[in-house]
Amino acid sequence: MKAVVQRVAQARVEIGGETVGAIGAGLLVLLCAERGDTDAHADRMLAKLLKLRIFSDEAGKMNRSVQDIGGGLLVVSQFTLAADVSGGNRPSFTQAAAPDEGRRLYDAFVARARAAHPVVATGEFGADMQVHLVNDGPVTIPVQMN
């Protein structure tokens, strides 16, 4: 399972001009399930993201987690994180989980996130989405669970 995590001042997802998910300060999580990923990968990813210390403390050090600051999570499915461009100029997505399994793992991740964290918003799996964000820092961190 892969994610690109961005520390944001605010973020939202629109589908067809309508906002379907939005947060204030927190983490925008672009999430990709890959072939062979399991619920255990989703659990480890969520645990890592909730404890990831990338928010500033009083001294300006990245020493606080999204839980520490009471921030939100905006979770957006992003199968293109599985892209392989080593063979040419057109990406291959063969490492992405099959759509049904990708949806199942995404839904499982979101359900677990909602059980563990008070503010969780989402996009829509498989939809054509426009993601708007104000990256705070900027801070952008790739995370992979093997």
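Note that the structure is predicted; figures quoted are calculated from it, not measured.

Enquirer: I would appreciate a short explanation of the overall build of the chain in the present structure.
Expert: The helix and strand tally for the chain stands at three helices and eight strands. Each helix and strand of the chain, placed in order from N terminus to C terminus, yields the pattern β-β-β-α-β-β-α-β-α-β-β. Computed over its C-alpha atoms, the radius of gyration of the chain comes to 15 Å, within 12% of the 15 Å expected for a compact globule of 146 residues. In terms of overall dimensions, the chain has C-alpha extents of about 45 × 35 × 35 Å along its principal axes. Classification of the 146 residues of the chain by burial places 40% in the buried group. The long-range fraction of contacts in the chain, counting pairs at least 24 apart against all pairs at least 6 apart in sequence, stands at 71%. As presented, the chain carries roughly 7600 Å² of accessible surface, and 49% of it is formed by carbon and sulfur atoms.

Enquirer: Is there a simple way to explain the nonpolar core in this structure?
Expert: As a rule of thumb, soluble globular proteins bury nonpolar side chains together. Core analysis: the largest hydrophobic core is formed by 28 residues, its most contacted members being L27, L31, M45, L73, V75 and F109. Secondary structure elements with two or more residues in this core: β1 (2-15), β3 (26-32), α1 (39-51), β6 (72-77), α3 (99-116) and β8 (130-144). Apart from residues lying up to four places away in sequence, V75 is in contact with V29, L31, Y106, F109, V110, V120, A121, T122 and G123. Residues A11, V13, L28 and A121 belong to the second largest nonpolar core, which totals ten residues.

Enquirer: Just checking my understanding: could you explain α3 for this structure?
Expert: Residue pairs spaced three or four apart in an α-helix point in one direction, given the helix's 3.6 residues per turn. End to end, α3 covers 25 Å across 18 residues, agreeing with the expected 26 Å (1.5 Å per residue, within 8%). Each element contacted by the buried residues of α3 is listed here: β3, α1, β6 and β7 (120-122).

Enquirer: Please explain the pattern of salt bridges as it appears in this structure.
Expert: Should their charged atoms come close, side chains of opposite charge can pair. According to the stated counting rule, one finds eight salt bridges in the structure shown. Residue E14 is joined to R12 by a salt bridge in which the shortest nitrogen-to-oxygen separation is 3.0 Å. By relative accessible area, which is 32% here, R12 ends up partly exposed. Where R64 meets E58, a salt bridge forms, and the shortest distance between an N and an O atom there is 2.1 Å. Under the relative-accessibility criterion, E58 is labelled exposed at 69%. When salt bridges that share partners are traced, they join D39, D43, E101, R104 and R112 into one network.

Enquirer: Whenever I open this one, the packing of aromatic side chains confuses me. Can you help?
Expert: Each aromatic ring pair is summarised here by two numbers: the centre-to-centre distance and the angle between the ring planes. By the definition in use, this model includes two aromatic pairs. Pairing F79 with F93 gives two aromatic rings, centres 5.0 Å apart and planes at 65 degrees, and the pair type is edge-to-face. Of this pair, F79 sits in the loop between β6 and α3 while F93 sits in the loop between β6 and α3, and the two are 14 residues apart along the sequence. Judged by relative accessible area, which is 31%, F93 ranks as partly exposed. When the ring of Y106 is compared with that of F125, the centres are 5.9 Å apart and the planes differ by 45 degrees; the resulting orientation is tilted. Of this pair, Y106 sits in helix α3 while F125 sits in the loop between β7 and β8, and the two are 19 residues apart along the sequence. You can call F125 partly exposed: its relative accessible area is 21%.

Enquirer: Where do I start with the side chain of R7 in this structure?
Expert: Among the secondary structure elements, R7 is positioned in strand β1. Apart from residues no more than four positions distant in its own chain, R7 is found in contact with G26, L27, I54, F55, S56, M62, V134, N135, D136, G137 and V139.

Quick notes on the rules
- Residues numbered from 1 in each chain as written.
- Predicted model: local features only at pLDDT ≥ 70, side-chain atom pairs only at ≥ 80, totals over all residues.
- Heavy atoms only, no water.
- Helix = DSSP H or I, 4+ residues; strand = E, 2+ residues; numbered from the N terminus.
- Rg over C-alpha atoms; globule rule 2.2 N^0.38 Å.
- Buried < 20%, exposed > 50% of the residue type's maximum accessible area, 1.4 Å probe, protein only.
- Contact = heavy atoms within 4.5 Å.
- Areas by Shrake-Rupley, 256 points an atom, 1.4 Å probe, with all protein chains shown as cover.
- Core = buried A, V, L, I, M, F, W, Y, C linked by side-chain atoms within 4.5 Å.
- Expected span 1.5 Å × (residues − 1).
- Salt bridge = Lys/Arg side-chain N within 4 Å of Asp/Glu carboxyl O.
- Phe/Tyr/Trp six-rings, centres within 6.5 Å; stacked < 30°, edge-to-face > 60°.

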